[in-house]
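Fold and geometry: a report
One-letter residues, chain by chain:
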Amino acid sequence: MLLKDKVVLITGGSRGIGAAVAVEMAKQGADVAINSNSGGAAAAEVIAAVEAHGRRCISVEGDVALPETATAFVNAAVEAFGRVDVFVSNAGICPFHAFLDMPAETLKRTMEVNLHGAYFMTQAAANQMVKQGNGGAIVAISSISALVGGEFQTHYTPTKAGVHSLMQSCAIALGRHGIRCNSVLPGTILTDINRDDLSDPAKREYMEGRIPLGRLGQPEDIGGAVAFLASDMAAYVTGAALLVDGGAFVNLQ
Ligand SMILES: NC(=O)C1=CN([C@@H]2O[C@H](COP(=O)(O)OP(=O)(O)OC[C@H]3O[C@@H](n4cnc5c(N)ncnc54)[C@H](O)[C@@H]3O)[C@@H](O)[C@H]2O)C=CC1
Ligand SMILES: C[C@H](O)[C@@H]1OC(=O)[C@H](O)[C@@H]1O
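Residues numbered from 1 in each chain as written. Chains lettered and ligands numbered in written order. Predicted model: local features only at pLDDT ≥ 70, side-chain atom pairs only at ≥ 80, totals over all residues. Heavy atoms only, no water.

Another point: the site of ligand 1. Residues in close proximity to ligand 1 total 32 residues, the closest being Ile17, Asn90, Tyr156, Ile189 and Thr191. One of the side-chain nitrogen or oxygen atoms of Asp63 is found 2.9 Å away from a nitrogen atom of ligand 1. When isolated, ligand 1 has an accessible area of 820 Å², and the protein chains bury 96% of it. Elements with a minimum of two residues in the shell around ligand 1: α1 (16-27), β2 (31-36) and α4 (104-132). (Near = heavy atom within 4 Å. Polar contact = N/O pair within 3.5 Å; in protein donor to acceptor, adjacent residues only side chain to side chain. Areas by Shrake-Rupley, 256 points an atom, 1.4 Å probe, with all protein chains shown as cover. Helix = DSSP H or I, 4+ residues; strand = E, 2+ residues; numbered from the N terminus.)

Here the UniProt feature "domain: Ketoreductase" (unreviewed entry) sits at residues 6-192. In the segment residues 6-192, helix accounts for 47% and strand for 18%; the C-alpha atoms at its two ends are 29 Å apart. (UniProt positions renumbered as here; feature names shortened; annotations may be inferred.)

Tracing the backbone through its elements, the reader meets Gln28 in the loop between α1 and β2. According to the relative accessible area criterion, Gln28 is buried, its value standing at 15%. Within the structure, Gln28 has its side chain in polar contact with the backbone nitrogen of Leu2 (distance 2.8 Å). (Buried < 20%, exposed > 50% of the residue type's maximum accessible area, 1.4 Å probe, protein only.)

Okay, structure coming up:
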């Protein structure tokens, strides 16, 4: 087990990639706190799945765009489990929309959830780790979209580049505290975030055709990369980005 008895916090942990990461953390021996803005039945399922691996799990509801959600989440995790060892910044949205008539509110909300949310949460988790005094690991779920564009993602791709940039700067700011900061860059992973977009069979076939490994990703494909970066196996890895995309990025022709 890579994370035996560690305490891992994950934003957006009720569904999709965050939920799969929560379960992988439990498989690796960690107790888990998940945040989400919806909670409910989905969060209850994640709690049950973590507990099935013999680990503890709490769910804390809150909008990551609000700074107070970050302190409330970290405080709740510390109250439940005593400390924070690993923080995974995952919550995000991608309301697909064309560039020329992008509503200002859609742009603002996407920036606030994806980038400001990652900032507030990373800051709150890091402050707790510094207070504890024995280091820690922070992993942000950025994206292949930090490296390449998307016609209907002009509001989204800058947030994913920003999240990785945040990890790079935090790697410097927090290195002296023994806190490592890295990004995972998933390719296209089948979740609710792209369900509508990929419901078009032609689009889905095109996306699959771009991937050397021959399939779109599943949320479970991301868990191993996060576990590695969060663990002592990556003790000398900080400020790094790990693409987990089935080879999509390198497939020019
Ligand atoms: N699915 C994909 O192809 C890819 C996703 N990503 C990133 O992975 C992360 C997770 O996305 P998915 O699992 O695909 O999406 P999803 O829609 O399946 O899950 C999103 C999670 O974030 C939570 N969330 C959304 N807005 C929130 C808010 N304001 N406050 C708190 N929680 C909030 C939801 O409740 C849910 O738990 C996102 O940051 C996304 O940008 C990155 C690359 C590819
Ligand atoms: C939501 C998209 O399908 C998904 O999000 C990303 O970050 C990937 O680049 C995909 O475009």
